[in-house]
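# Observations on chain architecture
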Amino acid sequence: FLLLIFILFFVSISIFLLRQKKYSVSKEETNVILIIIDTLRADHLGCYGYKYKTSPNIDKIAKEGIIFENAISQASWTKPSIASILTSTYPTTHRVNDALSACLPEELVTLAEVLKKEGYMTAGFTANPCINSNFGFNQGFDHYENSVPPIKKQIQEMGKDIKITPMLNAKTLTKNIVKWIKKQ
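Rules of the game
- Residues numbered from 1 in each chain as written.
- Predicted model: local features only at pLDDT ≥ 70, side-chain atom pairs only at ≥ 80, totals over all residues.
- Heavy atoms only, no water.
- Helix = DSSP H or I, 4+ residues; strand = E, 2+ residues; numbered from the N terminus.
- Buried < 20%, exposed > 50% of the residue type's maximum accessible area, 1.4 Å probe, protein only.
- Contact = heavy atoms within 4.5 Å.
- Areas by Shrake-Rupley, 256 points an atom, 1.4 Å probe, with all protein chains shown as cover.
- Phe/Tyr/Trp six-rings, centres within 6.5 Å; stacked < 30°, edge-to-face > 60°.
- Lys NZ or Arg CZ within 6 Å of the ring centre and 35° of its normal.
- pLDDT = per-residue confidence, 0-100.
- Salt bridge = Lys/Arg side-chain N within 4 Å of Asp/Glu carboxyl O.

As a further point, take the overall build of the chain. For the chain, the helix and strand inventory stands at seven helices and two strands. Each helix and strand of the chain, placed in order from N terminus to C terminus, yields the pattern α-α-α-α-α-β-β-α-α. Burial status across the chain gives 33% buried among its 184 residues. Residue pairs at least 24 apart in sequence account for 46% of intrachain contacts in the chain once pairs closer than 6 positions are excluded. When the accessible area of the chain is evaluated, it comes to approximately 12,000 Å², of which 56% is carbon and sulfur surface.

Attention now goes to the packing of aromatic side chains. Inspection of the entire model under this criterion finds three aromatic pairs. When the ring of Tyr 50 is compared with that of Tyr 52, the centres are 5.4 Å apart and the planes differ by 65°; the resulting orientation is edge-to-face. The class for Tyr 52 is partly exposed, based on a relative accessible area of 47%. When the centroid spacing of 5.9 Å and the interplanar angle of 65° are considered together, the rings of Phe 125 and Trp 180 count as edge-to-face. One end of the pair, Phe 125, is in strand β1 (residues 123–126); the other, Trp 180, is in helix α7 (residues 170–183), with 55 residues separating them in the sequence. The pair formed by Phe 125 and Trp 180 is uniform in burial state, with each residue classed as buried. Seen from the ring of Phe 135, Lys 79 lies directly overhead, with NZ or CZ sitting 3.6 Å from the centre.

A few words on the confidence of the model for the chain. For the chain, per-residue confidence averages 78 on the pLDDT scale, and 73% of positions sit at 70 or higher. Averaged over each element, pLDDT in the chain is lowest for helix α1 (residues 2–19) (46) and highest for helix α4 (residues 91–94) (94). Low pLDDT, under 50, characterises residues 1–23; the stretch is placed with 50 contacts to residues that sit more than four places away or in other chains.

Enumeration according to the criterion identifies two salt bridges in this entry. For Arg 41, the salt bridge is made with Asp 43, and the minimal N-O distance between the two is 2.7 Å. Notably, a salt bridge pairs Lys 116 with Asp 142, separated by 3.2 Å at the nearest N-O pair. Here Lys 116 is found in helix α5 (residues 111–117), whereas its partner Asp 142 is found in the loop between β1 and β2 (143–146), with 26 residues between them in sequence.

Encoded structure:
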């Protein structure tokens, strides 16, 4: 979760600084990419001092960015953590605490909606059923791709057998993202 917070702060500070006159850059020159990696241990990343080369690409990004050494996740599990990152609210505000049915409230403004209002094209890709579009995590995105089928309806019909397609691996998900970017 430390990496999640690192990325969120990096994106927030970057947008803020780039909008100041001192660091003025046009929107056409500014790309924002938010990468969220679930259950990644910061103490096993080279940019945080891990002695083995486990994260060469993350380390390369970290060299060019900002590293936060003290960050706090708003929840101990995926669904409310991602909701907090996307809405900049606490779990007690967004109430996305239930694994089976809680949805991101439409009245909350998401990072994607803020970026879209500023003229950015927004896209989201996920291989995690917890942040599926059926739970509202697609809110504000121009394009949102679930790599697993929507499962909310299946879960609500608990009397029936639930069949969940396995999540995509990172390589396949990345290929889907790159393919989408190249079309833009």
